[in-house]
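Okay, here's what each chain looks like letter by letter:
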Amino acid sequence: MSTISSLIKVLFKPAHLRALLSYDSKGYLTDIGWFNAFDSKSPVDEQGNPIPWVTYSFIDFIKTRISKEHAIFEFGSGNSTLFYAKYAGIVVSVEHDKEWYEKISATKPDNSEMIYTELVRGGEYCQVPVKLQEKFDVIIVDGRDRVNCCIQAVNALSDNGVVVLDDSERADYKDGIEFLVAHGFKELPFSGISPGLFYRKSTSVFYKPNNCLGI
């Protein structure tokens, strides 16, 4: 459905229009800070604190499951880095955008580490967590080259580690999902809307029995 036809449909249903207009002062969207994120064009919560650009249902889940005992690696960086560092023991992020890397590095928390790597599909970027020769409890795939990142992540996980794939509903990432499932991981999708955006998407956790998140 086009934007114009959607608008016409709403305009001819006054009850729908009144409901939508009321959401900027009360209701779920206000409670979760969706309007803050929409206005600022960045992922923040109702108090303006940084959050990842993932589904709200996943945010509600993960912030009660990670602790200072956990080491997190993330492909991609930003407000997510600040958010995860608040809960985890350490967060290591790889970033391919030099300007963005310098911006986030300037404000990164003490328990986080930033790594700049040029993006080459199937190259060093997706291999960073393996080359570090460390084991991570949670590896978050939310950057570029996501299929190859999923494939490499398996070799950098702790024995009870999990992989998180954002935008897991996209057909482009099907091969990465099939790889994880073929290697014994089960998928737990968290679907819904994300900060400042109003379309349905999914953020999935791939886990095995006795995992670090207690799934």
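Scroll up for the structure.
Attention here is on the structure that accompanies the text.

Calculation rules
- Residues numbered from 1 in each chain as written.
- Predicted model: local features only at pLDDT ≥ 70, side-chain atom pairs only at ≥ 80, totals over all residues.
- Heavy atoms only, no water.
- Helix = DSSP H or I, 4+ residues; strand = E, 2+ residues; numbered from the N terminus.
- Buried < 20%, exposed > 50% of the residue type's maximum accessible area, 1.4 Å probe, protein only.
- Polar contact = N/O pair within 3.5 Å; in protein donor to acceptor, adjacent residues only side chain to side chain.
- Contact = heavy atoms within 4.5 Å.
- 1 Å grid on protein atoms, 1.4 Å probe; cavity = no way out; pocket = protein on both sides within 12 Å on 5 of 7 lines; lining within 4 Å.
- Points joined across faces, edges and corners; volume = space filled by probe spheres on them.
- Nonpolar A, V, L, I, M, F, W, Y, C, P; charged D, E, K, R; others polar.
- Domains from an automatic or database assignment.
- Pairing = 2+ DSSP bridges.
- Right-handed = clockwise from strand over helix to strand, strands pointing away.

Regarding the side chain of H70
Here's step 1: When you line up the elements, H70 lands in the loop between α5 (56-62) and β1 (71-75).
Here's step 2: Overall, H70 belongs to the buried group, its relative accessible area being 8%.
Here's step 3: In this structure the side chain of H70 is engaged in a polar contact, spanning 3.0 Å, whose partner is the backbone nitrogen of S67.
Here's step 4: Beyond its immediate stretch of four places on either side in the chain, H70 contacts R65, A88, G89, I90, D137 and C212.

Here's the deal with the layout of surface pockets
Here's step 1: Estimates place the volume of the largest pocket at around 560 Å³.
Here's step 2: Lining the largest pocket are 26 residues, with W53, G76, S77, W100 and D142 sitting closest to its centre.
Here's step 3: Secondary structure elements with two or more residues in the lining of the largest pocket: α6 (79-87) and β7 (197-207).
Here's step 4: When residues of the lining of the largest pocket are assigned to their parent elements, the largest contribution, three residues, is made by β7.
Here's step 5: A breakdown of the residues in the lining of the largest pocket according to their chemical character gives nine nonpolar, eight polar and nine charged.
Here's step 6: What lines the second largest pocket is a set of 16 residues, and nearest its centre among them are D45, E46, I51, I59 and K63.
Here's step 7: Of all the secondary structure elements, the ones that give two or more residues to the lining of the second largest pocket are α3 (28-31), α5 and α6.
Here's step 8: Looking at the lining of the second largest pocket, the element that brings in the most residues is α6, giving four residues.
Here's step 9: Residues lining the lining of the second largest pocket come from more than one domain, with at least three contributed by each of domain 1 (3-32) and domain 2 (56-207).

Some thoughts on the pairing of β1
Here's step 1: With five of its five residues buried, β1 lies for the most part within the structure.
Here's step 2: Residues A71, F73 and F75 line one face of β1 and the alternating positions I72 and E74 line the opposite face, and both faces are buried.
Here's step 3: Alignment of β1 against strand β2 (residues 90-95), held across five bridges, turns out to be parallel. When the sheet's bridge partners are listed, F73 is paired in β2 with V92.
Here's step 4: The β-α-β motif built from β1, the intervening α6 and the parallel element β2 has right-handed crossover chirality.
Here's step 5: Sheet analysis places β1 next to strand β4 (residues 136-141), joined by four bridges and oriented parallel. Residue pairing in the sheet places I72 in a bridge with V138 of β4.

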